[in-house]
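What follows is the residue order along each chain.
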Amino acid sequence: RKEVEQDPGPFNVPEGATVAFNCTYSNSASQSFFWYRQDCRKEPKLLMSVYSSGNEDGRFTAQLNRASQYISLLIRDSKLSDSATYLCAVGPTNDYKLSFGAGTTVTVRA
Amino acid sequence: SAVISQKPSRDICQRGTSLTIQCQVDSQVTMMFWYRQQPGQSLTLIATANQGSEATYESGFVIDKFPISRPNLTFSTLTVSNMSPEDSSIYLCSVVGQYQETQYFGPGTRLLVL
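Now for a description of the structure that goes with this document. Model, not experiment: these values are computed from the prediction.

### Observations regarding the overall build of chain A
A tally of helices and strands in chain A yields zero helices and 11 strands. The linear arrangement of helices and strands in chain A, starting from the amino end, is β-β-β-β-β-β-β-β-β-β-β. For chain A, whose C-alpha radius of gyration is 13 Å, the value lies close to the compact-globule estimate of 13 Å for 110 residues. Here the C-alpha coordinates of chain A stretch approximately 40 × 30 × 20 Å along the principal axes. Taking all 110 residues of chain A together, 45% fall into the buried category. Of all intrachain contacts in chain A linking residues separated by at least 6 positions in sequence, the fraction that spans at least 24 positions is 57%. Carbon and sulfur atoms provide 47% of the accessible area of chain A, an area that totals close to 5,500 Å². Here chain A holds 12 positive side-chain charges and 11 negative ones, and the gap between their average locations is 3 Å.

### As for the pattern of salt bridges
For the structure on display, the rule yields seven salt bridges over all chains. With its nearest N and O atoms 2.9 Å apart, the salt bridge here joins Asp77(A) to Lys79(A). For Lys65(B), the salt bridge is made with Asp87(B), and the minimal N-O distance between the two is 2.6 Å. In this pair, Lys65(B) is assigned in the loop between β6 (56-57) and β7 (68-72) and Asp87(B) in the loop between β8 (75-80) and β9 (89-97), connecting sequence segments 22 residues apart.

### Structural notes on the environment of Ser94(B)
Residue and element names in this part refer to chain B. By the secondary structure assignment, Ser 94 is in strand β9. Measuring from C-alpha to C-alpha, the distance between Ser 94 and Gly 106 comes to 5.9 Å, with 12 residues separating the pair along the chain. Beyond its immediate sequence surroundings of up to four residues, Ser 94 is in contact with Met 31, Met 32, Phe 33, Tyr 35, Gln 103, Tyr 104 and Phe 105. Only 2.7 Å separates the side chain of Ser 94 from the side chain of Gln 103, close enough to count as a polar contact.

### A closer look at the side chain of Ser76(B)
All names here are of chain B. Residue placement: Ser 76 occurs in strand β8. Given the relative accessible area of 0%, Ser 76 is considered buried. Here the side chain of Ser 76 touches Trp 34 through a polar contact of 3.0 Å, side chain to side chain. Sequence-distant contacts of Ser 76, that is, excluding residues within four places in its chain, are made with Ile 21, Gln 22, Cys 23, Met 32, Trp 34, Ala 49, Ile 68, Ser 69 and Arg 70.

### Details of the sheet that holds strand β1 (residues 4-6) of chain A
Residue and element names in this part refer to chain A. In spatial order, the strands read β1-β3-β8-β7-β6; together these five strands make up an open sheet with antiparallel pairing. Bordering the open sheet on either side are β1 and β6 (55-57), each of which pairs with just one other strand. Averaged over all neighbouring strand pairs, the angle between strand axes comes to 20 degrees, with direction disregarded. Where β1 meets strand β3 (residues 19-25), three bridges bridge the pair, whose relative direction is antiparallel. By the bridge assignment for β3, Glu 5 is matched with Thr 24.

Each value, and the rule that gives it
- Residues numbered from 1 in each chain as written.
- Chains lettered and ligands numbered in written order.
- Predicted model: local features only at pLDDT ≥ 70, side-chain atom pairs only at ≥ 80, totals over all residues.
- Heavy atoms only, no water.
- Helix = DSSP H or I, 4+ residues; strand = E, 2+ residues; numbered from the N terminus.
- Rg over C-alpha atoms; globule rule 2.2 N^0.38 Å.
- Buried < 20%, exposed > 50% of the residue type's maximum accessible area, 1.4 Å probe, protein only.
- Contact = heavy atoms within 4.5 Å.
- Areas by Shrake-Rupley, 256 points an atom, 1.4 Å probe, with all protein chains shown as cover.
- Lys, Arg positive; Asp, Glu negative; His and termini not counted.
- Charge placed at Lys NZ, Arg CZ, Asp CG, Glu CD.
- Salt bridge = Lys/Arg side-chain N within 4 Å of Asp/Glu carboxyl O.
- Polar contact = N/O pair within 3.5 Å; in protein donor to acceptor, adjacent residues only side chain to side chain.
- Pairing = 2+ DSSP bridges.
- Axes fitted to C-alpha atoms, helices over the stretch in contact; angles between N-to-C directions.

Rendered as structure tokens:
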């Protein structure tokens, strides 16, 4: 079983729609959780951290469910510019090392 | 966040040769890592670059194939040795800066081995 698994998608949604997807992790002792965004032929860029209480940054909401060992990302009012691959990253320990999922591709169409 | 640069940005190499990739940061950072991202795949951690000592390699990666140096807190190199077409990939360095909670990535080096 992979350490971090994501639904690869693609999620193809119209502008203005809400899209949500999950990422599961296998190590119950994982300490830190993040969502990165990767555009085609670019490096991953940090989108947001995921905190136990859930957190929101504008149109983006991230949640952590420790009991079921998954994190989620919800994008409201999707924009064309939200089209990208979203990578979840999980830190099994507190040494800053991360395990990445394979990514969920989101395409927002006009 | 820190500004991270990598050289070269891309290269095409012949099998059996070696390529050294440089990662330069504009400020001192706590941690530096090297990743590989093969086409259509996610990021795989190669090693943690330790300042002034040998890198810490992940399972499946060895020093003879991927020697790493980190002479100071702002610079690291990764060498891909005795390359084969299977080494064709994007190689990325990442850093954790002081007072940061997670990794930030350099722009990557696209390597094609013929």
